[in-house]
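Structural characterization, general
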Amino acid sequence: MKKLSFKVNVMLTIVFLVGIYFFLANASIFGDYWSRIITLIAIYGIMAVSYTLVNGVTGIFSLGQAGFIAIGAYTSALLTLSIQQKQMSFFIQPLIWPLNSIQIGFLPATIIGGLVAAFFAFLIGYPSLRLTGDYFAIATLAFAEIIRILIQNFYGLTNGTLGLKGINSYTTVWWAWGWLFVTVIVVGSLKFSSYGRALRAISEDPMAAKVMGIDVFWHQMMAFVVSGFFAGISGSLYAHWITTLDPRPTSLGVMLTFYVLIMIVIGGLGSVSGAIIGAIFFAFVSQWLRMFESNVNLFGLTIPGVPGMSMLLLSVIFIFVMIFWRRGLMGKSELSWQNIYAFFKTRVGDENG
Amino acid sequence: MKMAENILDMDKITIKFGGLTAVDDFSMYINKGELVGLIGPNGAGKTTIFNIITGIYKPTAGKIVFKGIDITGLKPQLINQIGIARTFQNIRLFSDMTVLENIMVGQHSYFTNRKALNFLHTHDPKKYPKSLWRPWLFSAILKTPDYVKIEKVMKAKAFDLLGKMELQKYADFKASALPYGQQRKLEIARALATNPTLLILDEPAAGMNPQESQVLLESIRKIMKDFSLTILLIEHDMKFVMNICERIYVLDYGKLISHGNPEAVQNDKKVIEAYLGDEVYV
Ligand SMILES: Nc1ncnc2c1ncn2[C@@H]1O[C@H](COP(=O)(O)OP(=O)(O)OP(=O)(O)O)[C@@H](O)[C@H]1O
Ligand SMILES: [Mg+2]
């Protein structure tokens, strides 16, 4: 197989990025609804890429993703909400100092959201990364649920079940895709570095990695914290996209972790590009499946809508993927021009032969 | 005099798994530059001794001294960074990664061995200078020039190592795609990539035909010279052991039953009995 030269790779990448730029610049022509979906895709992308760093590349099965997203979302929303808005919303119990008297910009609030989530990742990781396999999954699941319950009950900090309302809808297409770009660069660069090799080695055989001199615990911790940071970022973007936050299990609870898990499994565990493809797939399919929740008219026959139907259908798709296509779309490998070239080349070759 | 030469000194090592005493009051020393064999019938406790040396198991009693440092109970990664590398009886390569990547994983702790350097520093400040912290993780993510340079050096060294083990033509193969004998060689190469002074090999010739094990024998002798290594190996193939080892320890039911040069061990009545009770090897 011919190897694409460095020049060709760079050129194709530039063309691709310029193409995305023009697509995003003209996203508004698809209408308000679809440009919101395009923004959501990038937010999902960040959630998925950060999640696949832990669950795919490092091979530790965390179920705590929604917890970090929620922390990032609440932290940044509390920082960007106007003081008036806070006074208005927090009527059961006033917001504690100093949050009640500050308002900062979207960018610093997002970064702080990421840092706080990363800090929590460290706190959670420190005891639970000593557990293995299922126990780690259960510990992280419990953590995410505890975070949700704390949010639900700390009225003075989170406004409890009343939630946060009137969050500025700062998250534009550019913010979301810009952060996705940063996430992909950082996680991709990490994956393709000596540290990334160490993480992949850990995912295959932690004992052998240890004997090769790799400090498994701290490497897993590093991946977990980096992942937590970007999960927090995605949470901030999500908060300023959806503009209201509440601690129901279906919004920032285990359901969200499950969604992101679907994305990365469909895309291929451990693949950054696969995670994004999974996010795109999920965004579209979940929108499309929503039509089954309202009444559907099929050849004059009215099928009554069932609430929760889209989730059920998604789960069915998920199960099919797990049974017949466990590697997902990309497996562990990445989408590269070389792979695309090879793919089409063999296709054409088959037809000719 | 003897103490100064010793690179490894195991003193009265005992390990119990529940009621089973897998290794019982076992003592052994290895001199610098020596090639020592560890033999014994199945289940004698040989692999368990390797697991104790590399820090996978903590001994119930006893002490292990490596290069004059008490390493009993240290973490496996630290023991490796201080200079002990191993292979496994049932090959444990990173099978989804390429041959080259396997080697480079072995080189990785070059970045993070600060802990080991500091450990050595507290042990002997004169011999081991204090290490400086570098934000290698950030360098690696940002692909700073010094990181890129190190990555290049790693790659060059890895190819060098592959060349020495005659594996360079497989560099881009997945490790799992290699033929069995080459996988064993790759595991040795990966261990060498961690820059050990003591290499311990768990049945390196297992599953090889006589020609293959002859080739392996030659290459073990060669790397031993090239890397000025000390080697401890477990092997069932008696011909192999008698050919290559300068000194042999014989283990049976976790106890040391004989020790000496190949002829002495071969003619030891206890050894013959132990093996006759099992299978006839000699
Ligand atoms: N983690 C463990 N828990 C319980 N028993 C163990 C453990 N590891 C080893 N053993 C026991 O210790 C004994 C020695 O095992 P070991 O693997 O060291 O033997 P060996 O000499 O390497 O044998 P072989 O030649 O078959 O490789 C065996 O009886 C084994 O079952
Ligand atoms: Mg064994």
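Quick note: structure is the one above.
Residues numbered from 1 in each chain as written. Chains lettered and ligands numbered in written order. Predicted model: local features only at pLDDT ≥ 70, side-chain atom pairs only at ≥ 80, totals over all residues. Heavy atoms only, no water.

1. Focus: the packing of aromatic side chains
Counted according to the given criterion, the structure contains 26 aromatic pairs over all chains. Centre to centre, the rings of F122(A) and Y126(A) are 5.9 Å apart; their planes meet at 45°, and the pair counts as tilted. Separated by four residues within a single helix, F122(A) and Y126(A) lie in helix α5 (residues 106-128), roughly one turn from each other. F122(A) sits in the partly exposed class, given a relative accessible area of 32%. Taken together, a centroid distance of 5.5 Å and an interplanar angle of 80° make the contact between F258(A) and F318(A) edge-to-face. Here F318(A) lies in helix α15 (residues 309-324) and F258(A) lies in helix α13 (residues 254-267), a separation of 60 residues in the sequence. An aromatic cluster of three or more residues is present, and its members are F68(A), F136(A), F143(A) and F224(A). The lysine or arginine in question, R36(A), covers the ring of W241(A), its NZ or CZ lying 4.3 Å from the ring centre. The residue whose ring lies beneath R190(B) is F94(B), and the NZ or CZ to ring-centre distance is 4.7 Å. (Phe/Tyr/Trp six-rings, centres within 6.5 Å; stacked < 30°, edge-to-face > 60°. Helix = DSSP H or I, 4+ residues; strand = E, 2+ residues; numbered from the N terminus. Buried < 20%, exposed > 50% of the residue type's maximum accessible area, 1.4 Å probe, protein only. Lys NZ or Arg CZ within 6 Å of the ring centre and 35° of its normal.)

2. As for the coordination of the magnesium ion (ligand 2)
Residues and elements named next belong to chain B. Protein coordination at the magnesium ion (ligand 2) comes from T47 (OG1) and Q89 (OE1), with a distance range of 1.9 to 2.1 Å. You can see T47 sitting in helix α2 (residues 46-53) and its partner Q89 sitting in the loop between β6 (84-86) and α4 (99-107), a full 42 residues away along the chain. Classification of T47 by relative accessible area gives partly exposed; the value is 25%. Relative accessible area serves as the criterion here: at 34%, Q89 is assigned to the partly exposed category. (Donors = N, O, S within 2.8 Å, 3.2 Å for Na, K, Ca; no water.)

3. A look at the site of ligand 1
All names here are of chain B. G43, K46, T47, T48 and Q89 are the nearest of the 14 residues found near ligand 1. G45 places a main-chain nitrogen or oxygen 2.9 Å from an oxygen atom of ligand 1. Measuring from an oxygen atom of ligand 1, one finds a side-chain N or O atom of K46 at 2.8 Å. Isolated, ligand 1 exposes 640 Å² of accessible area, and the fraction of that covered by the protein chains is 65%. Counting residues per element, the ones that place at least two in the shell around ligand 1 are β2 (20-31) and α2. With three residues, α2 is the single largest residue contributor to the shell around ligand 1. Here the residues of the shell around ligand 1 sort into five nonpolar, seven polar and two charged. (Near = heavy atom within 4 Å. Polar contact = N/O pair within 3.5 Å; in protein donor to acceptor, adjacent residues only side chain to side chain. Areas by Shrake-Rupley, 256 points an atom, 1.4 Å probe, with all protein chains shown as cover. Nonpolar A, V, L, I, M, F, W, Y, C, P; charged D, E, K, R; others polar.)

4. Things to note about the sheet that holds strand β4 (residues 61-66) of chain B
Residues and elements named next belong to chain B. The strand order β2-β1-β4-β5 describes an open sheet built from four strands, whose pairing is antiparallel. Edge positions in the sheet fall to β2 and β5 (69-70), since each has one partner strand and no second. Note that β4 and β5 share two bridges and pair antiparallel. Bridge pairing in β5 places F66 opposite I69. Most of the contacts of α2 go to strand β1 (residues 6-17), to which it runs at about 115°, and overall it touches β1, β2 and β4. (Pairing = 2+ DSSP bridges. Contact = heavy atoms within 4.5 Å. Axes fitted to C-alpha atoms, helices over the stretch in contact; angles between N-to-C directions.)

5. Some details on a nonpolar patch on the surface
A surface patch of nonpolar side chains, about 740 Å² in accessible area, is lined by F6(A), V10(A), I14(A), V18(A), Y21(A), F22(A) and W174(A). In terms of residues, the nonpolar patch owes the most to one element, helix α1 (residues 6-25) of chain A, which gives six residues. (Patch = residues over 30% accessible without salt bridge, like charges linked within 9 Å, V, L, I, M, F, W, Y side chains within 5 Å. Salt bridge = Lys/Arg side-chain N within 4 Å of Asp/Glu carboxyl O.)

6. Regarding the pattern of salt bridges
Residue and element names in this part refer to chain A. Enumeration according to the criterion identifies 12 salt bridges over all chains in this entry. E145 is the partner of R148 in a salt bridge, and the nearest nitrogen-oxygen pair spans 2.8 Å. With R148 and E145 both in helix α6 (residues 133-153) and three residues apart, the pair spans about one turn of that helix.

7. Looking at the side chain of N6(B)
Residue and element names in this part refer to chain B. Structurally, N6 can be placed in strand β1. Engagement of the side chain of N6 in a polar contact is seen with the side chain of D9, the distance being 2.8 Å. What N6 contacts, discounting residues up to four positions off in sequence, is Y29, I30 and N31.

8. A short note on helix α14 (residues 272-289) of chain A
Residue and element names in this part refer to chain A. The end-to-end C-alpha separation of α14 is 25 Å, in line with the 26 Å expected for 18 residues at 1.5 Å each. Burial within α14 is extensive, with 13 of its 18 residues counted as buried. Structurally, the start of α14 carries an N-cap: the backbone nitrogen of G274 is 2.9 Å from a side-chain oxygen of S271. (Expected span 1.5 Å × (residues − 1).)

9. Focus on the nonpolar core
Ranked by internal contacts, the top residues of the largest apolar core, which has 161 residues, are L164(A), W177(A), L245(A), L252(A), L186(B), L199(B) and I231(B). Lining this core are residues from two domains, each supplying at least three of them: domain 1 (1-83 + 196-282) and domain 2 (93-195) of chain B. I231(B) has contacts with E34(B), L35(B), V36(B), L198(B), L199(B), L201(B), I220(B) and M224(B), leaving out every residue within four places of it along the chain. (Core = buried A, V, L, I, M, F, W, Y, C linked by side-chain atoms within 4.5 Å. Domains from an automatic or database assignment.)

10. Looking at the side chain of K86(A)
Residues and elements named next belong to chain A. Here K86 is to be found in helix α4 (residues 83-89). As a buried residue without a salt bridge, K86 has its nearest oppositely charged side chain in D246, at a separation of 19 Å. A polar side-chain atom of K86 sits 2.7 Å from the main-chain carbonyl oxygen of I102. Residues in contact with K86, not counting those within four places in the same chain, are L78, L81, L95, L99, N100 and I102. (Lys, Arg positive; Asp, Glu negative; His and termini not counted.)

11. So, the interface of chain B and chain A
Listed as interface residues are 33 residues of chain B and, on the opposing side, 26 residues of chain A. Each partner contributes to the roughly 2700 Å² buried at the junction of chain B and chain A, and carbon and sulfur atoms together form 61% of this total. Counting the contacts that link chain B with chain A gives three salt bridges. Put simply, R197(A) and E151(B) hold a salt bridge, and the shortest N to O gap is 3.0 Å. Connecting chain B to chain A are 16 residue pairs in polar contact (both at pLDDT 80 or more). Those elements giving two or more residues to the side of chain B that touches chain A turn out to be α3 (76-82), α4, α5 (109-112), α7 (136-142), α8 (145-164) and α9 (180-192) of chain B. (Buried area = accessible area lost by both parts, 1.4 Å probe.)

12. Observations regarding unusual backbone geometry
The backbone phi angle of N159(A) is positive, close to 65°, even though this residue is not glycine. Along the chain, N159(A) turns up in the loop between α7 (155-158) and α8 (173-191). Even without being a glycine, K12(B) presents a positive backbone phi close to 50°. Considering the arrangement of structural elements, one finds K12(B) in strand β1.

13. Let's talk about the sheet that holds strand β7 (residues 198-202) of chain B
Residues and elements named next belong to chain B. Spatial ordering of the open sheet is given by β6-β7-β8-β3-β9-β10, a layout of six strands whose pairing is mixed. Strands with a single pairing partner mark the edges of an open sheet, and in this sheet they are β6 and β10 (255-260). Geometrically, the sheet is characterised by an average inter-axis angle of 20° between neighbouring strands, direction not taken into account. α9 contacts β6 and β7 of the sheet and is inclined by roughly 155° relative to β7.

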